[in-house]
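Understanding the architecture of this molecule
In case you want the letters, here they are:
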Amino acid sequence: MRLATWNVNSVRAREERILDWLRRSETDVLAMQEIKCKPEQFPLAGFQELGYEVAIHGLNQWNGVAIASRVGLEDVQTSFAAQPAFGKPGQEPVVEARALGAVAGGVRVWSLYVPNGRGLNDPHYAYKLDFLARLRDASAAWKDEPTALVGDFNVAPLPTDIWSEEDSEAETHVTPEARAAFHALADHGYEELSRRFLPAEGTYTFWDYKQLRFPKGEGMRIDFIYASEPLAARAQDVTIVRDERKGKGASDHVPVVVDLD
DNA sequence: ATGGCTGGGAATCCCAGA
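For every chain, the first residue of the written sequence is number 1, and numbering continues from 1 onward in sequence order. Working convention: letters from A go to chains and numbers from 1 go to ligands, in the order in which they are written. Residues qualify for local features only when their pLDDT is at least 70, as the model is predicted, and side-chain atom pairs are given and counted only at 80 or more; totals for whole chains, interfaces and linings, by contrast, use all residues. Calculated side-chain values reflect all of the structure's heavy atoms, with hydrogen atoms and water omitted.

- The name given to chain A in an unreviewed UniProt entry is Exodeoxyribonuclease III, with the source organism recorded as Demequina zhanjiangensis.
- Here is the UniProt Sequence similarities (unreviewed entry) comment for chain A, exactly as written: "Belongs to the DNA repair enzymes AP/ExoA family."
- Under the Cofactor (unreviewed entry) heading, UniProt states for chain A: "Mg(2+)". UniProt positions are given in the numbering used here, feature names are shortened, and annotations may be inferred rather than shown by experiment.

Below is the structure:
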């Protein structure tokens, strides 16, 4: 089975690029983040024509997660246990559309969009750390079955996962607290698979649209595939599809793909 | 072997992203 994760930065703006890649890549299950739409706005027909069914969780133009599968899609869940809510000061906190779980081809897949954090003194940063801590707690329930926690974690875990740790726009991605919260996702036996197969420094999954970051090779590794022990044992390879950052109409993230027995 | 942000909406500026 081939499983991929991709922060698409709007599924409506990216539909043709996503479908083109699905046609070429022989992907069985694609977890998407930042679809930026409600379910009724999702361009479902194109996916269905390629043989995929799609589970969608979107509340508005922000965030939004989905899973497309051509190997079945069961037991859909739109949040994990104790997933934190967020609201601006004075507003009612809302559990945002940042997690979607489903069993596809016998694998429990969670499509995850971890909060950005915005700034070290912003409430969004505490929300980010809490989201990661609660996800770690919730992951215990799935540790003994084949489970993949995939998506945009908005953390560059190692100094070599970012072109410059002094990049002020990524300050919430490189703190000791954010990195510890990311690594704690391994507490229940989960392994981050991109590191096993792609250990090279400067291997990135995201390049900002601004400042010529892609042509300059200035990116970050922030999209990952955590696998429970039963699933990690089946991993054959991981690929980061850097070519998908090229050309007109690219997302700022590229797909990360794992091949499983 | 690519390109100087981009997307969505309340819309002709604002919010969010990282």
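Read on, since the account is not over.
**Brief notes about the overall build of chain A**
- Runs of H or I in DSSP of at least four residues are treated as helices and runs of E of at least two as strands, each being numbered from the N terminus. When helices and strands are counted, chain A shows 7 helices and 12 strands.
- The principal-axis extents of the C-alpha atoms in chain A amount to approximately 45 × 40 × 40 Å.
- When burial is assessed residue by residue, chain A has 56% of its 261 residues classed as buried.
- Contacts in chain A between residues far apart in sequence, at least 24 positions, make up 70% of those at least 6 positions apart.
- Under the convention used here, a 1.4 Å probe and the Shrake-Rupley method define accessible areas, while residue burial counts only the protein chains that appear. Carbon and sulfur atoms provide 48% of the accessible area of chain A, an area that totals close to 10,800 Å².
- Here Asp and Glu are counted as negative and Lys and Arg as positive; His is not counted, and neither are the chain ends. To locate a charge, the coordinates of NZ of Lys, CZ of Arg, CG of Asp or CD of Glu are taken. Separation of charge centres in chain A, based on 29 positive and 40 negative side chains, amounts to 4 Å. Buried means the residue's accessible area, taken with a 1.4 Å probe over protein chains only, is under 20% of the maximum for its type, while exposed means over 50%, and partly exposed covers the values in between. Throughout, a residue-residue contact means that at least one pair of heavy atoms, one from each residue, lies within 4.5 Å.

**Focus on the nonpolar core**
- Here, nonpolar core refers to any group of buried Ala, Val, Leu, Ile, Met, Phe, Trp, Tyr and Cys residues whose side-chain atoms link them within 4.5 Å. Grouped together as the largest cluster of nonpolar side chains are 30 residues, with contacts concentrated most on Leu3, Ile67, Val109, Val150, Leu193 and Val258.
- Excluding residues that lie within four positions of it along the chain, isoleucine 67 makes contacts with Val29, Leu30, Ala31, Glu53, Val54, Ala55, Leu73, Leu100, Gly101, Ala102, Val109 and Ser111.
- Membership of the second largest hydrophobic core comes to 21 residues, among which are Val8, Trp21, Phe47 and Ile56.

**Some thoughts on the sheet that holds strand 10 (residues 223-227)**
- Pairing within the open sheet is mixed, and its 6 strands lie in the order 5-6-7-8-10-9. Every other strand in the sheet has two partners, leaving strand 5 (74-77) and strand 9 (191-192) as the edge strands with one partner each.
- In this structure, strand 8 (residues 147-152) lies alongside strand 10, joined through 5 bridges in antiparallel fashion. Looking at the pairing, aspartate 152 lines up with aspartate 223 of strand 10. Pairing between strands is defined by DSSP: at least two bridges between them are needed.

**What to know about the layout of surface pockets**
- The distinction between a cavity and a pocket rests on a 1 Å grid over the protein atoms alone: a 1.4 Å probe fits inside a cavity but cannot get out, while a pocket stays open yet meets protein on both sides within 12 Å along at least five of seven lines, and a residue with an atom within 4 Å of a point counts as lining. Grid points are joined across faces, edges and corners, and a volume is the space filled by probe spheres set on the points. Volume-wise, the largest pocket comes out at about 1,100 Å³.
- Taken together, 43 residues line the largest pocket, and the ones lying closest to its centre are Glu34, Tyr113, Asn116, Arg118 and His124.
- Residues that form the lining of the largest pocket fall into these classes: 13 nonpolar, 15 polar and 15 charged. Three classes are used, and their members are as follows: Ala, Val, Leu, Ile, Met, Phe, Trp, Tyr, Cys and Pro are nonpolar, Asp, Glu, Lys and Arg are charged, and the others, Gly among them, are polar.

**Thoughts on the protein's contact with DNA strand B**
- We define proximity as follows: a residue is near a molecule or strand when any one of its heavy atoms falls within 4 Å of that partner. As a matter of local geometry, DNA strand B sits amid 32 residues, with Ser10, Arg118, Glu169, Pro215 and Met220 nearest to it.
- Within 4 Å of the protein, the contacting atoms of DNA strand B are 71% sugar and phosphate, with bases supplying the remainder.
- Taking asparagine 154, its side chain carries an N or O atom lying 3.1 Å from a phosphate oxygen of DNA strand B.
- The class makeup of the residues in the surface near DNA strand B is 8 nonpolar, 11 polar and 13 charged. We define a polar contact as two N or O atoms separated by no more than 3.5 Å, with the added condition that, inside protein, one atom must be a possible hydrogen donor and the other a possible acceptor, whereas residues neighbouring each other in sequence contribute only through side-chain atom pairs.

**Some remarks on the UniProt feature "domain: Endonuclease/exonuclease/phosphatase" (unreviewed entry) in chain A**
- UniProt tags residues 4-253 as "domain: Endonuclease/exonuclease/phosphatase" (unreviewed entry).
- Along residues 4-253 the backbone is 22% helical and 22% strand, and the end-to-end C-alpha distance reaches 13 Å.

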